[in-house]
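Understanding the architecture of this molecule
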Amino acid sequence: MTSPQLPEKQPDDASASSLAGEAPPSHVAIIMDGNNRWARARGLSGVRGHRAGVETVRAVIQRAAEREVQTLSLFAFSSENWKRPAAEVNALMELFLMALKREVKKLNERNVRLSIIGEQRGFSHAIQKHIQRAEALTADNTGMHLVIAANYGGQWDIARAARTLAEQVAVGELSPEQIDEACFDTAMGTDDVPPVDLCIRTSGEQRLSNFMLWQLAYAELHFSPLLWPDFGADAFDAALNDFCQRRRRFGMTDEQIEAQGA
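The structure contained in this document is the topic of the report that follows. (Residues numbered from 1 in each chain as written. Predicted model: local features only at pLDDT ≥ 70, side-chain atom pairs only at ≥ 80, totals over all residues. Heavy atoms only, no water.)

This part takes up the packing of aromatic side chains. One pass over the full model with this rule turns up 9 aromatic pairs. Aromatic side chains F75 and F211 sit 4.4 Å apart centroid to centroid with 15° between the ring planes, which places their arrangement in the stacked category. Placement of F75 in strand β2 (residues 71-78) and of F211 in the loop between β5 (198-201) and β6 (220-223) is noted, with a sequence separation of 136 residues between them. Pair check on accessibility: F75 and F211 agree, each one buried. Ring geometry for W82 versus F123: centroids 6.1 Å apart, planes at 50°, classification tilted. One end of the pair, W82, is in the loop between β2 and α4 (86-102); the other, F123, is in the loop between β3 (113-117) and α6 (125-138), with 41 residues separating them in the sequence. (Phe/Tyr/Trp six-rings, centres within 6.5 Å; stacked < 30°, edge-to-face > 60°. Helix = DSSP H or I, 4+ residues; strand = E, 2+ residues; numbered from the N terminus. Buried < 20%, exposed > 50% of the residue type's maximum accessible area, 1.4 Å probe, protein only.)

Membership of the largest hydrophobic core comes to 41 residues, with the highest contact counts inside it found for V28, I30, L72, L74, L146 and F236. Once residues lying within four places of it in the same chain are set aside, the contact partners of V28 are V69, T71, L72, S73, L198, I200, F236 and L240. If you look at the next biggest cluster of nonpolar residues, it comprises 14 residues, including I117, V147, Y152 and V196. (Core = buried A, V, L, I, M, F, W, Y, C linked by side-chain atoms within 4.5 Å. Contact = heavy atoms within 4.5 Å.)

Right, let's get into a positive patch on the surface. Among the surface-exposed residues, R48, R51, K101, R102, K106, R110, K129 and R133 lie close enough to one another that they form a single positively charged patch. When contributions to the positive patch are tallied by element, the ones reaching two or more residues are α3 (46-66), α4 and α6. Inspection of the secondary structure assignment puts K106 in helix α5 (residues 104-109). A relative accessible area of 40% places K106 in the partly exposed class. (Patch = residues over 30% accessible without salt bridge, like charges linked within 9 Å, V, L, I, M, F, W, Y side chains within 5 Å. Areas by Shrake-Rupley, 256 points an atom, 1.4 Å probe, with all protein chains shown as cover. Salt bridge = Lys/Arg side-chain N within 4 Å of Asp/Glu carboxyl O. Lys, Arg positive; Asp, Glu negative; His and termini not counted. Charge placed at Lys NZ, Arg CZ, Asp CG, Glu CD.)

At 3.6 residues per turn, the α-helix brings residues three or four places apart onto the same side. The end-to-end C-alpha separation of α4 is 24 Å, in line with the 24 Å expected for 17 residues at 1.5 Å each. If you check which residues of α4 are buried, you get E88, V89, A91, L92, M93, L95, F96, L97 and L100. (Expected span 1.5 Å × (residues − 1).)

With that settled, consider the sheet that holds β6. The pairing of strands in a sheet comes from backbone hydrogen bonds and takes either a parallel or an antiparallel form. Overall, parallel pairing links the 6 strands, which are arranged β3-β4-β2-β1-β5-β6 in an open sheet. Two strands in the sheet have a free side with no partner beyond their single neighbour: β3 and β6. Strand-to-strand twist of the sheet, defined as the mean angle between neighbouring strand axes without regard to direction, takes the value 20°. Summarising the sheet, β3 and strand β4 (residues 145-152) pair through 5 bridges and their orientation is parallel. Directly across from L114, in β4, lies its bridge partner L146. (Pairing = 2+ DSSP bridges. Axes fitted to C-alpha atoms, helices over the stretch in contact; angles between N-to-C directions.)

These values are about where atoms sit, not about what they do.
In structure tokens form, the structure reads like this:
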């Protein structure tokens, strides 16, 4: 049995106020990990852990909107998660459908635009129908863009984009010489989503697990020891504060960065 994770040190009033004065990352992506371990440490079923994780999702979405994060991407269900026990997968699908039925109205009231990325044909007809309704309902909202990656894998996303471009070349719509990073970017499932600025992973694991591999090319990485149900608004603030203290060079030197800011 995994021992409960110790909470991270939370920001005090001074650090919280300094965070408020900093420009937040435009796009934050989160690998939500640790629901099962959180439940096992408490002698609970894995389903209880996933339900507790939903509460954290609500808190983080609210705090991200308060911090004026423009895009928040959450890794909800990977294409590899189908390998988990059938009972757990079924419970996750029920939670996903329930969230689509109950939470979308609240998101719409908060002016949040919702997008679901991933291979949707793997889901039941009911889930696909509610995904379409949720995206249509929130399509014109101008607030934060919430992206949920479900039945998603970064390699799948890249392979699909390559196939799309290959098909365009085959019918003469595109020449191989025209394919560059910008062209490839438009073929991705996240063509309307900016590159990720900050990627957060919870539970102490330090890997990307096939999440948004293309979009994370220059992202800053923040690994939290907290299991996902324990990761709340304060921990999200701490991750943003960590981001604001870093210098992003994008291949340039410190001197070049300083010259740009002059």
